[in-house]
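Summary of structural features
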Amino acid sequence: MAARRREAPAPGGIDLACVAAGCLFLSGWLRAAPEDVVLAASAEGEDYVLPLTGACRVARETGGRARFLIAAVFDALPARLYFRLLDAGAVCLAVPPAANIMALRGLVAAQGEALRALIEAQPGAARRRLRAALDSLAPRPAVERIEAIDPALRLEITLCAVLGERLLLLGDLADPAGALRGADLCDPAGVPLPAGWIVQPEGLGEGPSAGAFIAVLPMAAGMLRLASGSALWHLPLRAEAGGEVPRRIAAFLAAADADTGLAVLEALSDGAAAPPPLRHAWAALIARLPAALDRADLGLHLCIDAAIGIPGGGLFLRGWMAGAPGGVTLRAADGACTPIAASWLRQPRADVAQAMRLAGESLAEGEPGFLCLAASPGAGPHYLAVSAGAAGVLRLRLPAPPCEPPLASIRTILTSFAPDHRGLGALLDRHVGPAVAALWAGRPPAPPPLLEWHGTPPARPLASLIVPLYGRCDFIEHQLAQFVDDAELRRCELIYVVDDPDIFDPARRLAAELARFYRLPLLLAYGQRNAGYAAACNLGAGLARGTHLLLLNSDVLPDRPGWLGALLAAYRRLPAPGVVAPRLLFEDGSLQHAGMRLVQQPGGLWANTHPGKGLPDTGSGSAQECDVLSGACLLIARGLYQQAGGLSEDYILGDFEDSDLCLALRRRGRRNWLLPSVVLHHLERQSQNAIGDTAWRAGLTLYNAWRHSRRWAADLAAAGPP
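What comes next concerns the included structure. Since this is a predicted model, take the numbers as computed values, not measurements.

Of regular secondary structure, the protein chain possesses 16 helices and 38 strands. Within the protein chain, the proportion of its 722 residues that are buried is 50%. If you take every contact in the protein chain between residues at least 6 apart in sequence, the share linking residues at least 24 apart comes to 74%. Within the structure as shown, the protein chain displays about 32000 Å² of accessible surface, and the carbon and sulfur contribution to it stands at 54%.

This part covers the pairing of strand β37 (residues 633-637). When you tally the buried positions in β37, you get five out of five residues, the bulk of the element. Burial of the side chains of β37 extends over both faces: Cys633, Leu635 and Ala637 are buried on one face and Leu634 and Ile636 on the other. Two strands pair when backbone bridges link them, and strand β30 (residues 548-552) and β37 are joined in this way by five bridges, in the antiparallel orientation. Within β37, the residue paired with His548 across the bridge is Ala637.

Moving on, we come to unusual backbone geometry. Notably, Gln528 is not glycine yet its phi reads approximately 65°, a positive angle. One can find Gln528 in the loop between β29 (522-526) and α12 (533-543). Its relative accessible area of 34% is what places Gln528 among the partly exposed residues. Positive phi values are uncommon outside glycine, yet Ala576 reaches one of about 45°. Of note, Ala576 is situated in the loop between α13 (563-573) and β32 (577-585). By relative accessible area, Ala576 is classed as partly exposed at 35%.

Here we take up the sheet that holds strand β17 (residues 292-295). Read from one edge of the open sheet, five strands run β17-β18-β19-β23-β22, paired in antiparallel fashion. Edge positions in the sheet fall to β17 and β22 (345-347), since each of these pairs with one other strand and no more. Strand-to-strand twist in this sheet, taken as the mean axis angle between neighbours without regard to direction, amounts to 20°. Across six bridges, strand β19 (residues 315-322) lies against strand β23 (residues 369-374) in antiparallel orientation. Residue Arg318 lies in a different strand from β23, and its bridge partner there is Leu371.

Residues Leu465, Leu480, Phe483, Tyr496 and Trp563 are the most contacted members of the largest nonpolar core, which totals 111 residues. Top element by residues in this core is helix α8 (residues 424-441). It accounts for ten residues. Here this core spans two domains, since at least three of its residues come from each of domain 3 (291-444) and domain 4 (450-691). Once residues within four sequence positions are removed from consideration, Phe483 is found in contact with Leu465, Leu489, Leu494, Tyr496, Leu520, Leu552, Pro558 and Trp563. Grouped together as the second largest cluster of nonpolar side chains are 26 residues, Leu170, Leu253, Leu289 and Tyr383 included.

Attention now goes to the sheet that holds strand β7 (residues 80-85). Paired through their backbone hydrogen bonds, the strands of a sheet run either parallel or antiparallel. Strand order in the open sheet formed by four strands is β4-β3-β7-β8, with antiparallel pairing between adjacent strands. Only two strands of the sheet have a single neighbouring strand rather than two, namely β4 (49-51) and β8 (90-94). Between one strand and the next, the sheet's axes are offset by a mean angle of 25°, whatever the strand orientation.

A separate point is helix α11 (residues 504-518). With 15 residues, α11 should cover 21 Å at 1.5 Å per step; its first-to-last C-alpha distance of 21 Å lies within 8% of that length. Listed in full, the buried residues belonging to α11 are Phe504, Ala507, Leu510, Ala511, Ala512, Leu514, Ala515 and Tyr518. At its buried positions, α11 is contacted by β26 (450-454), α9 (475-483), α10 (487-490), β28 (493-498) and β29. Arg519 lies just past α11 and shows a positive phi near 55°.

Let us now look at helix α3 (residues 245-255). All of the buried residues along α3 are Val245, Pro246, Ile249, Ala250, Phe252 and Leu253. An end-on view of α3 places all buried positions within 160° of arc, on one side of the element. Structural note: α3 exposes Ala251, Ala254 and Ala255 on the side pointing more than 90 degrees away from its buried face.

A separate point is the environment of Gly326. Mapping Gly326 onto the fold places it in the loop between β19 and β20 (327-332). On the basis of relative accessibility, which here comes to 70%, the residue Gly326 falls in the exposed class. In sequence terms Gly326 and Val386 are 60 residues apart; their C-alpha atoms lie 7.3 Å from each other.

With that settled, the discussion passes to the environment of Leu414. Structurally, Leu414 can be placed in helix α7 (residues 406-414). Between the C-alpha atom of Leu414 and that of Gly433, which follows or precedes it by 19 residues, the distance is 9.4 Å.

Turning next to the pattern of salt bridges. Enumeration according to the criterion identifies 25 salt bridges in this entry. The partner of Arg131 in a salt bridge is Glu120, with the nearest N and O atoms 2.7 Å apart. Of this pair, Arg131 sits in helix α2 (residues 124-137) while Glu120 is found in helix α1 (residues 101-120), placing the two residues eleven residues apart along the sequence. Accessibility expressed as a relative area gives 41% for Glu120, which makes it partly exposed. With its nearest N and O atoms 2.9 Å apart, the salt bridge here joins Asp351 to Arg349. Taking relative accessible area as the criterion, Asp351 reaches 43% and is therefore assigned partly exposed.

Turning next to the side chain of Asp555. Among the secondary structure elements, Asp555 is positioned in the loop between β30 and β31 (556-557). Of the side chains with opposite charge, Arg472 comes closest to the buried, unpaired Asp555, at an N-O distance of 7.5 Å. A polar side-chain atom of Asp555 sits 3.3 Å from a polar atom in the side chain of His682.

Looking now at the packing of α3 against helix α5 (residues 276-287). Where α3 contacts α5, the two axes come as close as 9 Å, and the packing angle between them is 10°. Classified by the interaxial angle, the pair formed by α3 and α5 is roughly parallel. As α3 packs across α5, the resulting crossing turns out to be left-handed. On the side of α3, the interface is formed by Pro246, Arg247, Ile249, Ala250 and Leu253, while α5 contributes Pro277, Leu278, Ala281 and Leu285. Its residues placed into classes, the contact of α3 with α5 shows eight nonpolar, no polar and one charged.

The rules we used
Residues numbered from 1 in each chain as written. Predicted model: local features only at pLDDT ≥ 70, side-chain atom pairs only at ≥ 80, totals over all residues. Heavy atoms only, no water. Helix = DSSP H or I, 4+ residues; strand = E, 2+ residues; numbered from the N terminus. Buried < 20%, exposed > 50% of the residue type's maximum accessible area, 1.4 Å probe, protein only. Contact = heavy atoms within 4.5 Å. Areas by Shrake-Rupley, 256 points an atom, 1.4 Å probe, with all protein chains shown as cover. Pairing = 2+ DSSP bridges. Axes fitted to C-alpha atoms, helices over the stretch in contact; angles between N-to-C directions. Core = buried A, V, L, I, M, F, W, Y, C linked by side-chain atoms within 4.5 Å. Domains from an automatic or database assignment. Expected span 1.5 Å × (residues − 1). Arc of directions from axis to C-beta. Salt bridge = Lys/Arg side-chain N within 4 Å of Asp/Glu carboxyl O. Lys, Arg positive; Asp, Glu negative; His and termini not counted. Polar contact = N/O pair within 3.5 Å; in protein donor to acceptor, adjacent residues only side chain to side chain. Parallel < 35°, antiparallel > 145°, perpendicular 65-115°, else oblique. Left-handed = near helix turned anticlockwise from the far one by under 90°. Nonpolar A, V, L, I, M, F, W, Y, C, P; charged D, E, K, R; others polar.

Quick look at the structure:
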């Protein structure tokens with residue numbers, strides 16, 4: 001049995017470390033033998049060493065310990081304390097975070113005589129500074145009466161409590177004769193503080209019957225100074241502390257109005273995490289806020305239409321505002337906050353302008369709408385704080401983020417602006433693009449695919465045809481009707497990938513019937529969700545066994561056999577092939593695709609264009625090298641496809657994956673070839689038109705173009721104009 005290792009005893013510890021009134025106070029203990037004598041002491045930071053030998057008092061105790069007290073003129077907490085002993089070498093102690101003033105008061109009460117003796121032994125200037133600091137910490141009488149005060153003035157403090165380094169003061173003031181002429185919050189030494197009062201309902205020191213008051217001090221102790229007539233009162237604020245304080249504050253907040261309660265919590269927290277009772281109170285107060293600001297008296301209206309949570313911490317906000325507030329801040333239920341008015345992007349809102357006209361109000365701004373991706377300041381729920389000048393701060397709650405699939409939230413974002421927005425580049429770069437990218441990347445992982453083989457595939461397929469299905473599955477029959485008479489295709493593997501939950505069941509029935517009728521084996525794969533064209537192709541490629549992959553749209557049809565063999569032969573003979581594609585015609589014989597060209601649009605986005613599209617077909621010709629080719633029909637070696645990582649799934653549903661792959665292959669030294677002598681017919685977007693909503697389709701295209709442009713901007717700019 002191994003001997004248990006004995007840990008060495010700690011060399012010492014610090015019980016209290018605090019800075020008050022520009023003076024440093026420390027107390028703790030050292031483990032020392034009877035013969036040990038402290039020869040020197042110092043406080044050390046990153047760039048200083050402060051000698052403390054004359055400011056340190058050491059008293060030996062029983063049990064091998066020595067207690068130390070340190071009082072020095074220094075306005076910062078050091079990182080370490082260093083003691084040099086006669087026989088035990090040196091001891092270095094890490095200084096803990098600062099204690100609050102209340103703990104320091106406890107030290108003064110317990111060791112006041114020792115502290116005063118230590119202070120009196122120090123030089124004159126230091127002695128005077130330390131005396132003043134010690135006097136400010138000494139307890140004062142509840143009321144220090146300097147002169148007779150008007151007996152009609154009554155002050156009652158109902159709660160004085162410490163939370164962290166903040167002091168909350170609640171009370172009530174009765175001043176029926178209007179005798180009060182001044183009131184100040186002071187630090188323990190009586191110096192007035194710049195912190196303002198949070199007042200409810202009328203004010204402190206503003207005339208007869210001032211009413212209830214609330215104040216938050218940026219320290220753990222303080223003093224209230226009142227002036228009435230020729231009298232001056234000083235009231236030390238003896239604060240409560242401990243586990244019951246948050247519950248007592250929460251009880252007060254439950255009875256306060258939402259704006260006052262949140263103002264108190266904001267001042268108390270100062271960005272720090274609140275205790276659980278106050279976190280619950282925070283959420284309850286936010287729930288009581290209005291959902292919109294409608295202050296016609298101030299000319300201020302603000303409404304949030306949608307608030308969408310973004311993975312990784314963020315909120316995408318869509319709303320509108322009329323009026324000119326002093327500032328708009330997004331706040332969280334833990335005190336954290338971030339300004340947003342300077343970063344949001346404004347846009348026209350015809351619906352808002354019309355509603356304002358019907359209400360008899362006019363818009364000072366031509367663009368009341370706004371979109372904003374805001375970094376989430378902290379844990380939800382969230383709300384907005386709006387500075388409204390003399391009216392103070394107004395608050396409104398945000399709509400709860402919807403519990404919906406990522407694609408539904410993406411749809412909301414991409415249909416919330418016009419494609420011709422004058423600030424489209426900034427809108428996509430700063431707000432829409434990052435929000436949509438995070439939502440798309442944060443979707444749940446794909447479930448295992450469902451696979452159904454119909455017929456027996458060839459043992460060693462010549463190639464694997466991968467056909468994604470979306471919106472319609474009837475194209476399976478049109479393709480099989482053309483494939484059945486092509487001997488080459490009987491030596492290939494045919495993989496249909498369903499990318500639409502709505503058509504999986506009819507696709508299963510149709511695939512089973514057609515495979516038996518045409519006697520063509522096929523694999524039907526279903527990813528159990530709509531993941532997009534790239535994901536569907538990658539799923540099929542992962543199942544493929546052929547040495548080459550043919551990515552084929554379901555609405556691309558050949559009109560004669562031999563086309564696939566011609567593509568494969570060209571792939572083997574052309575130099576450094578990346579992808580090889582045929583010429584594609586519309587059903588009326590006009591040109592649909594003979595290579596693509598990337599052209600930069602206004603706003604800096606690069607778009608795929610099809611030179612000659614819709615014009616009469618000019619015939620065939622020899623193989624031509626192209627920068628990018630259409631993914632409607634694309635041949636590539638399976639090993640190369642895997643090395644390139646397949647089609648990028650960063651694009652949503654279907655756009656720009658083909659040109660992304662072509663550019664990635666060019667970067668790897670490959671060449672992309674158009675084979676005009678091979679012709680197929682493309683009905684084009686027959687399945688994608690099932691998406692329906694043109695605004696949604698336009699938004700998808702814009703986002704995918706933005707993603708593609710930002711990824712390949714350097715390559716495209718280096719290539720120069722087409």
